[in-house]
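Coordinate analysis (summary)
The primary structure of each chain is shown beneath.
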Amino acid sequence: MAEIPDFHAELDTTGLYCPEPIMLMHNKVRDMQAGEVLKVVASDPATTRDVPRFCQFLGHELVDQQQLGDSYLYIIRLG
């Protein structure tokens, strides 16, 4: 397993399904500054499609994306 980079905030969306994880991410990044790093944990396989699109659309950098068992981990640096 790769080492998880330092992050400023964490969002656990385990048990939630599309579109809830992305809606919660929108709310979370509003409270953060450009350059800060957000760690997101999800259980919805749709996030493997939705999170990269979220980052691309809003100009954030998807630093890391991993599947750990039934969970998905995303490290996002805000643009």
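Structure's up top.
So, a few notes on the structure that sits alongside this text. (Residues numbered from 1 in each chain as written. Predicted model: local features only at pLDDT ≥ 70, side-chain atom pairs only at ≥ 80, totals over all residues. Heavy atoms only, no water.)

1. Quick look at the nonpolar core
Filter applied, for reference: The set of buried Ala, Val, Leu, Ile, Met, Phe, Trp, Tyr and Cys residues whose side-chain atoms join them within 4.5 Å is what this entry labels a nonpolar core. Only protein chains enter the accessibility calculation, which uses a 1.4 Å probe. A residue is then buried if its area is under 20% of the maximum for its type, exposed if over 50%, and partly exposed in between. Helix numbers and strand numbers start at the N terminus; a helix is a DSSP run of H or I with at least 4 residues, a strand a run of E with at least 2. Contact definition: two residues touch when any of their heavy atoms are within 4.5 Å.
One finds Met25, Leu38, Val40, Val51, Tyr74 and Ile76 to be the most contacted residues of the largest nonpolar core, which totals 16 residues. Secondary structure elements with two or more residues in this core: strand 1 (9-12), helix 1 (20-30), strand 2 (37-42), helix 2 (47-58) and strand 4 (71-77). The contacts of valine 40, once residues within four sequence positions are left out, are Leu11, Met25, Tyr72, Leu73, Tyr74 and Ile76.

2. Some remarks on the pairing of strand 4
Counted only if it meets this: Here, strands pair whenever DSSP counts at least two bridges between them.
Most of strand 4 is tucked away, with 5 of its 7 residues classed as buried. In terms of strand pairing, strand 2 meets strand 4 through 6 bridges, oriented antiparallel. Residue alanine 42 lies in a different strand from strand 4, and its bridge partner there is tyrosine 72. Pairing of strand 3 (residues 61-68) with strand 4 involves 7 bridges; the strand directions are antiparallel. Paired with glutamine 67 across the bridge in strand 4 is tyrosine 72. Linking strand 3 to strand 4, which pair antiparallel, is a turn of 2 residues; within it glycine 69 sits at a positive phi near 65°.

3. Focus on the environment of valine 41
By the secondary structure assignment, valine 41 is in strand 2. Once the C-alpha coordinates of valine 41 and glutamine 66 are considered, the two residues, 25 residues apart in sequence, prove to be 9.7 Å apart. If we ignore the near neighbours within four places in the chain, the residues touching valine 41 are Glu10, Leu11, Asp12, Thr13, Thr14, Ser71, Tyr72 and Leu73.

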